[in-house]
Amino acid sequence: MRSNPISEYQACLYAAPCLALAIWGAILHRYTLRGDFIVLGHAIGFTAIYYALSASASALSNIALKTSAEIGIVYTLTLILITLAHRLSPWHPLASYPGPPLARTTSLWLTYISYTGKRYLILDALHARYGPFLRVGPNTLSINSPNAVPIYVCAEKSEMYRLPGHYDASGLFFKQDKPDLERRTVQLLKTLEERQSRTKDGFVEMSEPMYHWAHDFTGDMVFGGCNKYELMKNGDKRSIVGTGKRAMAMMDSLGQSPWLLDILWHLPFTARMRRHGDHAIEMMHKRVEAVDLPGYRDLASYLIDGGVSGLDLDADAVVAIVGGSDNTSITVTFAMYFLLATPEFYLRLRKELDAAFPDPAVPLSLNKLAELGFLDGVINETLRLASPYFNPRVIGRGGSVVDGRYIPEGTVVALAAHSQQVSPDNFYPSPQEFLPDRWLPDGLGPETKTNKAMLASFSYGAHSCIGKVLAYHQMRLALARLLLAFDFELQKGFDVAGFRSGILNMRTMFLEKELYVRVTRRPGVDLDALTEAVA
Ligand code: HEM
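Residues numbered from 1 in each chain as written. Predicted model: local features only at pLDDT ≥ 70, side-chain atom pairs only at ≥ 80, totals over all residues. Heavy atoms only, no water.

Per an unreviewed UniProt entry, the chain goes by the name Cytochrome P450 and belongs to Ganoderma sinense ZZ0214-1. We quote the UniProt Cofactor (unreviewed entry) comment for the chain here in full: "heme". Under the UniProt heading Pathway (unreviewed entry), the entry covering the chain gives this text: "Secondary metabolite biosynthesis." (UniProt positions renumbered as here; feature names shortened; annotations may be inferred.)

Structure follows, in C-alpha cells:
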C-alpha cells in the first residue's frame, strides 16, 4: 500500500506551529498588536503554507488544504492553551490580585460587563467582595481607593483609546473661545416648546432635545460657520446622536478587548459609524478651505493655525463632536431628573436663580452664574451620582506602588470612580442620596464628609477633561435658562426609582426609561424677544 506522502513530514509539520508560536510569543508579547493585523497576518501565513504544500509535489495538492487547516487548528489550540495556562498560573504578574476566574482568563469578560451598561454597579459589588484591588481582565485592575488617583498623573492612556481605522492619527482635542452658547440655549427653549406641541399628551422626552442642543453648539464650536448639523431645527434624520453614542459604547465595551475591536471595525455593521465620521470630516475639510472665519475663534482655527496634520484634523473632527456634546447634555437631563424628583430642591434652585436674574430677558452673565452655590451643588451632586466612568491607564516603566501594593509595568489600571463617588468614606451622610447641600460650606451638618477630590467625573492628570470649565458654563447656563423660562411637570406615574436604576453607562449613557416632562412658560417670558436679545 502506498503511504501518504505527507505523513512522513506530519510530526514536524505539526511541531512547526508550536515552535513558531514560542518564537513569535517571545518576540511579540512585549508589543501591542492590532487584532485586524493579526488576523491578516495569520490568513497570509496559512495561505502561504497551503500554496507551499500544493506546489511542493503534485501528489500533495489534494491533501494540502486538509493539512494546512490541521496546522491552523493545532496552532490556534496551542496558542489558546498556553495563553490560558499563563493567565491562570501563579507566575502571572497579576496572580496575587483577586477577581472573578473568567476575568483572569479573558478580556471578553470586561467587554461583556461594559456592554451591559451596569459595569459600575457590578464592579462596586465585586469590590465589596474582593477588596480594593480587583483583577477585571488578564492584564487589568480596577482599584477602589483614593490613593489610585496618582495613576492618572503618571500613567498613559490604555489601548482602549485607540480609534479603529485611524492608523497614524492622534487626536489633539479642544480649545475654544466664545461660540454662541446663549443663542443655542435660547433656541433649546423654543425647541422644547415646539416639540411638546407636536405630542399627543403634551409631554416631551427631555434627553433628545438636550442632545440636539449640545450637538448644534459643539458643531459651532468646532467647525464655526461650516457646522451643518442644525439638529434642533431639522431633527436628526441621519441618527447622528445615536450613531455617535453607539460608536462610543463600542469603544468602551469592545475597546476593553482592543484586538477584537480592530477586527469588528471592518465589518458592515460599523458602516453607519464610518459615515458619521466621514460627515464630520467633510465639515472639517470645508472649514479648512473656508476663507471667512466666524466672529470667534472656533476649534478648527486653533488647530489649523497650530499646523495640525490633515490626519489628526480628521480624527479630531470625529471625536470632538461626540466628546464635546454627550456628557454635558445628559448631565443636564439627569440634573432635571433629580430636581423634579425632589421638588424642594427644584424650588430652591429656582429661587436662587430668580434672585440672581430678576430680568432674565437679557444675556446671563457666566461669571454671575458661577457664583451661585446651590446651582453648582446641584451640578456636582448630579455628576457624583451619575457619571460612573472607568478610564483605563497603563502602568509605565518600572511599575507603580498604589496603596502599598506593587503593580507591574504594562498593567492596565482604572479607578473604580462610581464606588469612590458613593463611598461613605468620601461622601457622608447618605452617600446614595441626591443632597446638593453637601457641596455648600455648611454641608449637611457637623458630621458631613465631602471629599471633593473624589468627584472623578472629569478624571485627573494630563488626560483629564480639558472641556471642564466650558462644560460647567454650559450646564449652568442650560439649567438657569430652563428654570427661568419654564415651569416643569413630570408625567403622571413617572417611575422615579426605575429611571435612576435604568441609567446605563458605557462611557456614554443610555436610558432604559425616558424622562418625559411638560414645560409651561413662566409669566412674562417672551422667547422671541429673548432670541433677539441674545442674537
Ligand atoms: C459634564 C460634561 C463632561 C464630562 C463629565 C466630561 C468628562 C471627561 C472625562 C472623564 C474625560 C477623561 C476621559 C478618559 O480619560 O478616558 C474627559 C476628557 C476629555 N474631555 Fe470631557 N467631559 C465633559 C465635557 C466636555 C466638553 C464640553 C468638552 C469640549 C470642550 C470636553 C472635552 C474633552 C477632551 C478634549 C478630553 C480628552 C482630554 C485628553 O485626553 O487629553 N469634555 N472628559
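Next comes the rest of the description.
A.B. asks: How would you sum up empty space enclosed by the protein? Please name residues and give values.
C.D. replies: By the definition in use, this model includes 2 cavities of 30 Å³ or more. In this structure, the largest cavity occupies an estimated 60 Å³ of space. As for the largest cavity, its lining consists of Arg119, Tyr120, Leu123, Pro388, Tyr389, Phe390, Ala416, Ala417, His418 and Ser419. In terms of residue class, the lining of the largest cavity is built from 7 nonpolar, 2 polar and 1 charged. Along its surface, the second largest cavity is lined by Tyr152, Tyr389, Phe390, Asn391, Leu415, Ala417, Ala456, Ser459 and Tyr460. Residue composition of the lining of the second largest cavity, by class: 7 nonpolar, 2 polar and no charged. (1 Å grid on protein atoms, 1.4 Å probe; cavity = no way out; pocket = protein on both sides within 12 Å on 5 of 7 lines; lining within 4 Å. Points joined across faces, edges and corners; volume = space filled by probe spheres on them. Nonpolar A, V, L, I, M, F, W, Y, C, P; charged D, E, K, R; others polar.)

A.B. asks: Describe the domain arrangement of the chain, and please don't skip the residues or the numbers.
C.D. replies: On domain assignment, one finds that the chain holds domain 1 (5-88) and domain 2 (181-393 + 430-534). Taken together, the contact pairs 5 residues of domain 1 with 4 residues of domain 2. Between the two partners, domain 1 and domain 2, sit 0 salt bridges. Where domain 1 packs against domain 2, one counts 0 residue pairs in polar contact (both at pLDDT 80 or more). (Domains from an automatic or database assignment. Contact = heavy atoms within 4.5 Å. Salt bridge = Lys/Arg side-chain N within 4 Å of Asp/Glu carboxyl O. Polar contact = N/O pair within 3.5 Å; in protein donor to acceptor, adjacent residues only side chain to side chain.)

A.B. asks: Can you tell me about the UniProt feature "binding site: heme" (unreviewed entry) in the chain, naming the residues and giving the values?
C.D. replies: Taken from the UniProt record, the annotation "binding site: heme" (unreviewed entry) applies to Cys465. Counting through the fold element by element, Cys465 comes out in the loop between strand 10 (449-450) and helix 20 (468-485). Its relative accessible area of 36% is what places Cys465 among the partly exposed residues. (Helix = DSSP H or I, 4+ residues; strand = E, 2+ residues; numbered from the N terminus. Buried < 20%, exposed > 50% of the residue type's maximum accessible area, 1.4 Å probe, protein only.)

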